[in-house]
Amino acid sequence: MNYKFLPQEDQDIFTAIKREEARQSEGMELIASENYVSAAVLEAMESVLNNKYSEGYPGHRYYGGQEFTDAVESIAIERAKRLFAAEHVNVQPLSGSPANAAVYFAFLKPGDKVLGLKLDHGGHLSHGHPVNFSGMLYDFVQYEVDPATGLIDMDRVREIALRERPKMIVAGFSAYSREIDWVRFKKIADEVGAFTFADIAHPAGLIAAGELSNPTPVFDVVSTTTHKTLRGPRGAMIMCKEKFAKEIDRAVFPGMQGGPHEHIIAAKAVAFGENLAPEFKEYARQVIKNAKTMAAEFLDAGFRVISGGTDNHLMVVDMTNKGLSGKEAEALLDKVGISVSRSTIPNDPNPPMNPSGVRFGTAAITTRGMKEEDVEKVVAWIEGAIEARADESRLDKIREEVKEFCLNFPIPGI
Ligand code: DSN
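Since the model is a prediction, treat every value here as computed from it, not as a measurement.

Colleague: In this structure, what is going on with the site of the ligand? I would like to understand it.
Modeller: All residues adjacent to the ligand are Ser33, His124, His202, Lys228 and Arg359. Ser33 is positioned with one of its side-chain polar atoms (N or O) 2.7 Å from an oxygen atom of the ligand. His124 places a polar side-chain atom, nitrogen or oxygen, 2.7 Å from an oxygen atom of the ligand. Considering the ligand on its own, with 230 Å² of exposed area, one finds that the protein chains cover 62% of that surface. Grouping the amino acids of the shell around the ligand by side-chain chemistry returns no nonpolar, three polar and two charged.

This is the structure in structure tokens:
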């Protein structure tokens, strides 16, 4: 980005941003939920649309002057519908948790029973964790992955659903590396008369590109963030069957939110335009190829990969047999310029702040143009850093190698 005014007006913030640009350029980003947006997406976010209030929806607003916000929001909606074959789309949710809150708000009353995947098995806080609003307001019953395979045991999900008779079943996860059987989930939900809600925040881009199966035609309602594999601005959207359009729209506004962020909605529209282009399909394919290579390399190096591999952009790796916790691995890899996020493993004996695993993802490095042979080097650096963790000079050397390597792969927008 070229900053014209900021350096003159606010050196402190300008300096922090420039240093973050350098950190991103010199470092290896393996946090599964992160990505790099295009310069066009960044430009849409910094536009004067930021200045506009637009409560309501295109054609039905509570403030004047909506000619162009209506146009922008309608384009975002139309593109999202094409991407996911969605009947109805609301592009206003500010982020993933608010989107999920709106979905619950649309379909449930406090105290209603809901089925969601447990956090340490790959679910999300907003899928019923007791410290989150979802777990506080609703009566969540949690299903798990099979401890032996790391896969969701659909027979067990059915058993729990038949016993508990939930009003909603939530599927779609933050740390689950395998394809999801949406049709089976829907069948189970139909048996007990439950709503089906898919949270595809992580694999949305791979689904939009047709590389993973799409729950939108099958499920009642689907939420996603727009900044992970979809490679758009930080934000979210909700897709649903036309028959639920009113409930969802009312739950978002006026139910949960006030004025939508039209500059972000414009950036969502730009990203969706990019997602519809053939190059994005190539990108999504490469993300998966890179992730499969990464999982295979970890297995070869003696790491325990949960479920034994991946079908999408992420994997969770248990660090126990390498003699360090997920938090220690995160801090160690930070030292060599590799960003990751610690992660619980299924039935983790350790708490979420200091869990046993690390989650790795390939969405960001693939945007930079890295391919399978590059991923092999990345895993070798991770393995090397873990082996050399007591040897500061070897760690410094790895950091230099990572930096030199990363600088060969420019980041869009920088
Ligand atoms: N923080 C996101 C992630 O890392 O998966 C989910 O909210």
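So much for the structure itself; the text now carries on.
Colleague: Please clarify how the sheet that holds strand 14 (residues 341–343) should be interpreted in this entry.
Modeller: Two orientations exist for strands paired in a sheet by backbone hydrogen bonds: parallel and antiparallel. Strand order in the open sheet made by the four strands is 11-12-15-14, with antiparallel pairing throughout. A single partner strand is all that each edge strand has here, and the edge strands are strand 11 (304–305) and strand 14. Bridge count between strand 14 and strand 15 (residues 357–361): three bridges; the pairing is antiparallel. Opposite Ser341, over in strand 15, you have Arg359 as the bridge partner. Running over the sheet, helix 12 (residues 278–300) touches strand 11, strand 12 (314–318) and strand 15 and is turned about 15° from strand 12.

Colleague: In this structure, what is going on with the nonpolar core? I would like to understand it.
Modeller: Most often, soluble globular proteins keep nonpolar side chains buried together rather than apart. Phe84, Tyr143, Ile152, Phe173, Phe185, Ile200 and Met237 are the most contacted members of the largest nonpolar core, which totals 59 residues. The residues touching Ile200, leaving out its near neighbours within four places in the chain, are Phe84, Trp182, Ile207, Pro215, Val222, Ser223, Thr224 and Met239. Grouped together as the second largest cluster of nonpolar side chains are 37 residues, Ala295, Val317, Met319 and Phe409 included.

Colleague: Where do I start with the environment of Pro93 in this structure?
Modeller: Looking at where Pro93 falls in the secondary structure, it is placed in the loop between strand 4 (88–90) and helix 5 (96–107). A relative accessible area of 1% means that Pro93 is categorised as buried. A sequence separation of 159 residues divides Pro93 from Val252, and the C-alpha atoms of the two residues are 6.7 Å apart. With residues near it in sequence (within four places) discarded, Pro93 still touches Ala99, Gly235, Ala236, Met237, Ile238, Val252, Gln257 and Lys268.

Colleague: Just to check I follow, could you spell out helix 11 (residues 262–276) for this structure?
Modeller: What sets the pattern is the α-helix's 3.6 residues per turn: residues three or four places apart point alike. Over its 15 residues, helix 11 extends 21 Å from the first C-alpha to the last, a length consistent with the 21 Å expected when each residue adds 1.5 Å. Within helix 11, burial applies to Glu262, His263, Ile264, Ile265, Ala266, Ala267, Lys268, Ala269, Ala271, Phe272 and Asn275. For helix 11, the secondary structure elements touched by its buried residues are helix 3 (39–45), strand 3 (60–61), helix 4 (67–84), strand 10 (236–240) and helix 12.

Reading guide: rules and limits
- Each chain has its residues counted from 1, running along the sequence as written.
- In view of the model being predicted, local features appear only for residues whose pLDDT reaches at least 70, and side-chain atom pairs are presented and counted only at 80 or more, with totals across whole chains, interfaces and linings using the full set of residues.
- Calculated side-chain values reflect all of the structure's heavy atoms, with hydrogen atoms and water omitted.
- To be near a molecule or strand, a residue needs just one of its heavy atoms within 4 Å of it.
- Under this definition, polar contacts are N or O atom pairs within 3.5 Å; protein pairs additionally need one hydrogen-donor-capable and one acceptor-capable atom, and for neighbouring residues in sequence, both atoms have to be side-chain atoms.
- Surface accessibility follows the Shrake-Rupley procedure with a 1.4 Å probe radius. Residue values consider only the protein chains on display as shielding.
- In this count, Pro and Cys sit with the nonpolar residues alongside Ala, Val, Leu, Ile, Met, Phe, Trp and Tyr, while Asp, Glu, Lys and Arg are called charged and the others, Gly among them, polar.
- Two strands qualify as a pair provided DSSP detects at least 2 bridges between them.
- Note on conventions: DSSP H or I runs of at least 4 residues are helices, E runs of at least 2 residues are strands, and numbering of each starts at the N terminus.
- Note on contacts: a residue pair qualifies if any of its non-hydrogen atoms lie within 4.5 Å across the two residues.
- Structural elements are reduced to axes, namely lines fitted to C-alpha atoms, with helices fitted over the stretch in contact, and the angle between N-to-C directions of any two is expressed from 0 to 180 degrees.
- In this description, a nonpolar core means a group of buried Ala, Val, Leu, Ile, Met, Phe, Trp, Tyr and Cys residues linked to one another through side-chain atoms lying within 4.5 Å.
- A simple rule labels every residue: compare its accessible area, found with a 1.4 Å probe on the protein chains alone, to the largest value its type can have, and call it buried under 20%, exposed over 50%, or partly exposed in between.
- By this rule, a helix spans an expected 1.5 Å times one less than how many residues it contains.

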